[in-house]
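Here is what each chain is made of, one letter per residue.
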Amino acid sequence: MALLTWTKRALIALLLIVIVLAASAYLLLRGSLPQLEGSQKLPDLSQAVEISRDGNGTVTVKAANEADMARALGYVHAQERYFEMDLLRRSAAGELSALFGAMAVEKDKSIRIHRLRARIRQHYTQMAGSDAGVLQAYADGVNAGLADLSVRPWPYLLLNTQPEAWKPEDSFLVGYAMFFDLQDESNEREFKLWQLKGALPGPIYTLLTETQSQWDAPLFGEPKIAMSIPDADQINLNAMTAPQLAFLPNRQAEAVGSNNFAVAGSLTVDGRAIVADDMHLGLRAPNIWFRARLLTGADSDVSGFTLPGIPSVIVGSNRHVAWGFTNSYGDFTDFFLVRWADAARSSYFNAEGKAVPVRRVQERIAVKGGAPVSLDIVETEWGPVTREVDKRVSLALRWVAQEPGALNLGLNQVTRSRSLDEALRAAESTGIPGQNLVIGDKNGRIAWRLTAQLPKRIGNCDKRTPMDASAGCNWDGWLPGSENPKLVDPPIARLWTANGRVVDGAWLDLVGNAGYAFGARGTAIRENLLAKKQFTEKDLLAIQTDARAPFLQRWWRKLESAAADAAPGSALKALRDADPSWDGGAKVDSVSYRITRAWRLEVSNRIEEMLLAPAIERLGREATKPGPNGFDYEAPGFTGFEDVAWALLEDQPKHLLTRDYKDWDDLLEQAAETVQIKLSEQGALKDRTWGERNTAAICHPLAAALPAFAKSTLCMPPDQLEGDADMALVVSPNFGASQRMVVSPGREQDGIIHMPGGQSGHPLSPFWGAGHADWVQHKPTPFLPGKTEFSLVLKPK
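Residues numbered from 1 in each chain as written. Predicted model: local features only at pLDDT ≥ 70, side-chain atom pairs only at ≥ 80, totals over all residues. Heavy atoms only, no water.

**Looking at the overall build of the chain**
Secondary structure summary: the chain contains 24 helices and 28 strands in total. Computed over the C-alpha atoms, the radius of gyration of the chain is 28 Å, within 12% of the 28 Å expected from 2.2 N^0.38 for a compact globule of 797 residues. With the C-alpha coordinates of the chain rotated into their principal frame, the extents come out at 80 × 80 × 75 Å. Of all 797 residues assigned to the chain, the portion counted as buried reaches 60%. Of the contacts formed within the chain by residues at least 6 apart in sequence, a portion of 73% connects residues at least 24 apart. In the structure as shown, the chain presents an accessible area of about 31,300 Å², 52% of it carried by carbon and sulfur atoms. Treating the 86 positive side-chain charges of the chain as one cloud and the 94 negative ones as another, the clouds have centres 4 Å apart. (Helix = DSSP H or I, 4+ residues; strand = E, 2+ residues; numbered from the N terminus. Rg over C-alpha atoms; globule rule 2.2 N^0.38 Å. Buried < 20%, exposed > 50% of the residue type's maximum accessible area, 1.4 Å probe, protein only. Contact = heavy atoms within 4.5 Å. Areas by Shrake-Rupley, 256 points an atom, 1.4 Å probe, with all protein chains shown as cover. Lys, Arg positive; Asp, Glu negative; His and termini not counted. Charge placed at Lys NZ, Arg CZ, Asp CG, Glu CD.)

**Concerning the nonpolar core**
Grouped burial of nonpolar side chains is what soluble globular proteins tend to show. Grouped together as the largest cluster of nonpolar side chains are 162 residues, with contacts concentrated most on Y176, W289, L307, W323, F325, W448 and L794. Take this core: its biggest share by element is 14 residues, from helix α2 (residues 66–93). Other than its neighbours up to four places away in sequence, L794 contacts Q40, L42, L45, Q47, A48, V49, I51, A72 and Y75. In this structure, A586, L611, F638 and L667 belong to the second largest nonpolar core, which totals 64 residues. (Core = buried A, V, L, I, M, F, W, Y, C linked by side-chain atoms within 4.5 Å.)

**Comments concerning helix α18 (residues 571–578)**
Along α18, the residues classified as buried are A571, L572, K573, L575 and A578. Against α17 (553–565), α19 (591–619) and α21 (664–680) lie the buried residues of α18.

**Remarks on empty space enclosed by the protein**
One water molecule sets the probe size; rolling that probe over the atoms shows where empty space is left. One pass over the structure, following the stated rule, counts 10 cavities of 30 Å³ or more. A volume near 340 Å³ is recorded for the largest cavity. When residues of the lining of the largest cavity are traced back to their parent elements, those giving at least two are α8 (170–182), β6 (280–282) and β10 (321–327). Examining the composition of the lining of the largest cavity, we find that 5 residues originate from one element, α8, more than from any other. Partitioned by chemical class, the residues of the lining of the largest cavity number 16 nonpolar, 9 polar and no charged. Estimated volume of the second largest cavity: approximately 100 Å³. Surrounding the second largest cavity, 15 residues form its lining, Q79, E80, P153, W154 and G761 being those nearest its centre. (1 Å grid on protein atoms, 1.4 Å probe; cavity = no way out; pocket = protein on both sides within 12 Å on 5 of 7 lines; lining within 4 Å. Points joined across faces, edges and corners; volume = space filled by probe spheres on them. Nonpolar A, V, L, I, M, F, W, Y, C, P; charged D, E, K, R; others polar.)

**So, the state of the cysteines**
A covalent bond between the sulfur atoms of two cysteines is referred to as a disulfide. The full count for this structure, using the stated rule, is 2 disulfides. Here C461 pairs with C473 through a disulfide, and the sulfurs are 1.4 Å apart. Disulfide C461-C473: torsion about the S-S bond near -95°, hence left-handed. In this pair, C461 is assigned in the loop between β20 (455–458) and β21 (474–478) and C473 in the loop between β20 and β21, connecting sequence segments 12 residues apart. Judged by relative accessible area, C461 falls into the partly exposed class, the value being 23%. For C473, a relative accessible area of 6% translates into the label buried. When the bonded cysteines of the chain are counted from the start of the sequence, the pairing works out to 1-2, 3-4. (Disulfide = S-S within 2.5 Å.)

See below:
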């Protein structure tokens, strides 16, 4: 009896300890919640600033001037999102190891080689320009907001680290983080093309690297219809074996890119232009963007999406103009041949053939819980040396982000513009990652412009191979902003971009191709725009959320015809019979979409493997050797490969089959067998819906550090998501539209907005996940903030 009593008391005591610990943890966690109501002192304000939040946490800031606005916005960003801001600056500076320890060192090394923090410090005055005061005010506001939290942001409690203060230069690092996200900073694609050019027969290399496609929807030029297939006299693959490149299915099915489009006033009932924009990025909780309406002085009213870490509205509307971006996938990186002048590699030959010394730099990488790591960097006039060719030749990497002028706060001038022409002039000097800018103004005019600082390349050189400065190939500063491609007041009163090819001719030569997206998405948007003669905001939202897959219908018909000719019991018949009707798109309950998609990818992968067989056969024994004579069993994404695969399926040339297949029907059947086996592992084919495959996994970056039972607390619901790659509604489990915006400048009250992942970075906040369900369900959410739920006043100290 005494033992039972003692056990009961011990259990009660243990329970009380658990309760006390849980309560303490809860109170500690609540201590890092931002202040939403009341008043707070903020040093150096000239006048009081009002901050209100609606039910979704959308912030409205009312300030007397730009300095006060920047200071208050910094305060709000820090209280809501400091950890996410910190991640962005560290990811661009190569400083993640200080937070995460040795596991991040290799990643930091790959980033630190660009030395962007050092470059910012060297060119800060030029980069900041007239906005230096705004940047300082923003940094002061950030640090004040961080200091006013009762407890440091909760991720630092989990990581057992302290947040470091914000510096004005850190805002540029956040901007550079977008360069890393949107461009190929290691120039991997160009390097692989160089490898392939030396390893493949010329006709196959030409076939694979065709820039234009019949699915393109350019603003200039037309889609390319004809596909030239090498004949048997040029190449015969029958004696070769196709390599098994297991990485290919993931790469070809990757969801990428963004959409923006606009209609001019002639296509709306009241003469207003409407701009739609949805930028596709990796999805997380909280979202990368932060919704805000900024009311500055008596006449500035800017609404849209800010990026915590930068005192700007990135996309939005200011009642005069509305603007949005998509990534251009232009070529903003080059390798340069570095020929060493001595065995010690202390000097190299410059463009004039003169031996000049290299610059050696040692970067120190701080590592949490360990000793600092040193990184030795060798720099040339063309950039850091990043790859070796042989003992006498290396490759230096020149990337626009390394160049002074590539990044600035010129976007703030766009947000201040009062007309289309004024916004276009402001964009000429704006330094951002190369983007397709679409603008509309309150007078009904629209325009597209490639907005970036473009390198002025000189010399007659192949951009897909390393540049040889001794042959006259080089960069010579920036192209004047007025020479960037643009289209103003299009005759058809419509504009669209979707990460595919936009231009042709001389402009295409200027912009280049760093991996354009497959054009089916842009084509679908263009066709939807051409199908109507009058538009409202809801019409453009319907285009943004269109999950139809017109290009895949021919693959369904191909599967049907192949199954009809196949033997009884074949995998082709099994795939067809699992869902014998085609429902047209990526609906969550669609079986035919999932099967057709998987079969198309498997067939395309096998065709690509066959075409790469000569490179593998020639260089496979040297697979680990770097340089142009060593192939690493990976290939870049080929812009026009859908055209290649389809042309081969239609013509069925026997000389382009490897010995893995007795004929083209055999290839189709083997592809079907692979799909059948993989899907059947999960159950009956008839139950394999698209939603089962496309289930949301949108989580906080630290969710993986929690036990399985607790991980869901840092994730959005596991909704089955409609949509996929290669259609307007791009979405995968953790990639898709990071925002949607449809707005007419001057009529913002009629606009529509979506944002997944929520506004707040704190799981106890009322705004954690707020608005996410509307994004999932495509429910129109007002562009402007709603009724005020919380109000805070920042007062001068």
